[in-house]
Amino acid sequence: MPLMPHNDPQIAGATSVGSWDWDVVADRITADPAFARLYGVDPEAARQGTAIERFFGGIHPEDLPRVQAEIAEALASGAPFESDYRLTQPDGRARWVAARGQAQLDDLGRAIRFPGISFDIDARKSAELRLQALVELNDRLRTAGDPDDLAYAAVEILGRLFDVSRCGYGTIDAEAETIVAARPWCAPGIQPLPGLLHFRDYGSYIEDLKRGDTVAIGNVYDDPRTRDTAEALKGLAALSFVNMPITEQGGFVALLYLNNEVPRPWLAEEIAFIRDVAERTRDATERRRVEQELGALTASLEQQVEERTHALMVAEAHLRQAQKMEAVGQLTGGLAHDFNNMLTGISGAIEMMQVRVAQGRIGDLDRYATAALGATRRAAALTHRLLAFSRRQTLDPKPTDVNRLIADLSDLIQRTVGPGVTLEVVGAAGIWPAMVDPNQLENAILNLCINARDAMPEGGRITIETANRWLDQRSARERDLEPGQYLSVCVTDTGTGMTPEVQARAFDPFYTTKPMGEGTGLGLSMIYGFARQSGGQVRIYSEIGQGTTMCIYLPRHYGDASDDDGAVALDTAATPVEGRHSVMVVDDEPTIRMLVVEILEEMGHVVLEAGDGPSALRLLGTGAHVDLLITDVGLPGQMNGRQVADAAIEMLPHLKVLFITGYAENAVIGNGPLGPNMALMTKPFAMDIIADRIRTILAG
């Protein structure tokens, strides 16, 4: 008995298209005419009965192996047979049917008869498949890839859904009437279309496409638009096709096409679905193309910015180099001018002394000696300022109470700036100590006050103000400092102010706005070098007509300020020393070594001398007793003055040391106070000054 369909929800409401009754033992199927025509079997042969293989010929090749396996299972088990599959129709379309039946078994469990009914489920099944295809399409259009990848995803889904020979997507040149196809989906054995295809070579339907009309042709031999070019279309495996135009702003811009190598009709619901897919595909591909163009533009802009930044950095480096060369030229020019003046004074005075000695007129020698010494002192002052600017001056940093230093200095400042200028000192309560050379800080503050006075030719007010500053990352970066705690010393005037151009060059060596002969241009550069060498900074804040504030920032010292009286006792005491001492002099400059040795010998001391570190240590290694070592810091060879002193102290623990140096070498002397029994003098020095310093050290 045939199975009744009302218990099966899959075929509820479906229309029966025929029944069959299969004599399994005789392999003979009898069926009604409707069933026979659906499977492509002659109705008369079906009425009389024919082999099942005749009916298998109507099943879609892709579905046939599955259906045969399901039939074999139903025959073996006797369980109900339920299968949905496609039948190939004479018009070329595939039609979905549902088959339901059940085999009857004999007493031995062998199938002897297999009746059943087929139902038309094509409309429902096609709708389900289109919905599934749409869901898959939306998912794939959201995946990564370029526009061609998205287009291929769409045509692959359409091609498989409608079981056609070829499906593709391409962009249109409406004027040339050509299509450039992206990668198409092709059924097995089907070749892609040519890369560039001219529509007119295959019919007149291009006019419909230009108007935005869909072209759906079931058989190219029957349609007047393609009848004359049907053979060419047959060569493209396109005896049936759908061309879905995509228009934007009235223009024909893209095409989604389906080709089939055999004629087939196109249903209205299929055309509607193809149109929906075409619009979705166009939106997705264009959106992806715009995203990629924007990404490429962004990358290009980033590259252009990087190249432009590099070019600017190169230009800036060239500018800095040019500015450095200009500064070096200005520096060397100023140095040559000033030193030539001083050397002329020195050499001229010595030559005149030689002339007067030859003439026997020795009464004039003091005048020339005084002139030569004066020029020497000016040269020493100039080198001191240059070393300050280059951050190579010899500093003697001490924990310093800046408020007390300014208070002690205020009387000198007031006398220096004159009665036309009012001096006000505002010292912050609880000011932190600073590790700084107090003498150099005094010079810096005095220099700033003199500059402030010169900026107020009609008189005015100078304010010296101290404050504790805690600089965060941003504030420190603005001042070119490390974040942390600093104290500031600011000198403010009510003078003429500085232009931005003057502020930019204020710290350049030999740059001055004062009239010729009234300034060297080294004052601010010396202050800048001192501040940087001390771990701080100098900043200018100025407005034309409003005045100027110069601020020195110094790192906080975590400790108490030292007693100034004790700190300077070694410098000011000059107590004579009784008795003879043994002194070693180490200097690679023979003239300096000779002068120091003569001073020591006149003082009555025993003197040993050496031109470098190894020679000095060899002398000490002989067992010679030495009370005082006087050594240059910058010695030639592998040992500097500090290393010589350290090695000598290892041999003579109570040895006293006097370093003499032309410029600071922090790696040798160190940034903090010198060790016990050590002192430091800066070249050039007067002979009486070094004699006093030697007496003081030996008496210490």
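Draft legend 1. Inspection of the pattern of salt bridges at higher detail. Under the definition given, this model contains 37 salt bridges. The salt bridge partner of Asp21 is Arg113, with a shortest N-O separation of 2.5 Å. Separated by 92 residues along the polypeptide, Asp21 in strand β1 (residues 15-23) and Arg113 in strand β6 (residues 111-120) bring together distant segments of the chain. Look at Asp21 and you get partly exposed, because its relative accessible area is 23%. With a relative accessible area of 30%, Arg113 lands in the partly exposed category. Among the ionic pairs, Arg282 bridges to Glu286, the shortest N-O distance being 3.1 Å. One end of the pair, Arg282, and the other, Glu286, are both in helix α9 (residues 268-359), four residues apart, so they sit about a helical turn from each other.

Draft legend 2. Expanded view of the sheet that holds strand β22 (residues 606-610). One open sheet accounts for five strands, arranged β22-β21-β23-β24-β25; its pairing is parallel. Each of the sheet's edge strands pairs with one partner strand only, and the pair in question is β22 and β25 (678-682). Each neighbouring strand pair of the sheet contributes to a mean axis angle of 20 degrees, computed without reference to strand direction. In this sheet, strand β23 (residues 628-632) lies alongside strand β21 (residues 582-586) in parallel orientation, the contact comprising four bridges. Each bridged residue has a counterpart across the sheet, and for Val586 the counterpart in β23 is Thr631.

Draft legend 3. Examining unusual backbone geometry more closely. Here Asp27, not a glycine, exhibits a phi torsion of approximately 50 degrees, which is positive. Here Asp27 shows up in the loop between β1 and β2 (28-31). Looking at Asp27, the relative accessible area reads 32%, which means it is partly exposed. Despite not being glycine, Ala237 has its phi angle at roughly 60 degrees, a positive value. Inspection of the secondary structure puts Ala237 in the loop between α8 (230-235) and β12 (240-248).

Draft legend 4. Summary view of the sheet that holds strand β18 (residues 484-493). Strand order in the open sheet formed by five strands is β15-β17-β18-β20-β19, and the pairing between neighbours is mixed. Edge positions in the sheet fall to β15 (421-426) and β19 (537-543), since each of these pairs with one other strand and no more. Across the sheet, the mean angle separating the axes of adjacent strands is 20 degrees when strand polarity is ignored. Of the strand pairs in this sheet, β19 and strand β20 (residues 547-555) are connected by seven bridges, and their pairing is antiparallel. From the neighbouring strand, Gln537 faces β20, where its bridge partner is Tyr553. Strands in contact with helix α11 (residues 402-417) are β15, β17 (460-471) and β18; relative to β15, the strand with the most contacts, it is inclined by about 180 degrees.

Draft legend 5. Broad picture of the side chain of Ser542. Here Ser542 shows up in strand β19. Taking the relative accessible area as the measure of exposure, Ser542 reaches 15% and is therefore buried. In this structure the side chain of Ser542 is engaged in a polar contact, spanning 2.7 Å, whose partner is the backbone nitrogen of Met498. Of note is the side chain of Ser542, whose polar atom sits 2.8 Å from the side chain of Thr548.

How each quantity is defined
- Residues numbered from 1 in each chain as written.
- Predicted model: local features only at pLDDT ≥ 70, side-chain atom pairs only at ≥ 80, totals over all residues.
- Heavy atoms only, no water.
- Salt bridge = Lys/Arg side-chain N within 4 Å of Asp/Glu carboxyl O.
- Helix = DSSP H or I, 4+ residues; strand = E, 2+ residues; numbered from the N terminus.
- Buried < 20%, exposed > 50% of the residue type's maximum accessible area, 1.4 Å probe, protein only.
- Pairing = 2+ DSSP bridges.
- Axes fitted to C-alpha atoms, helices over the stretch in contact; angles between N-to-C directions.
- Contact = heavy atoms within 4.5 Å.
- Polar contact = N/O pair within 3.5 Å; in protein donor to acceptor, adjacent residues only side chain to side chain.

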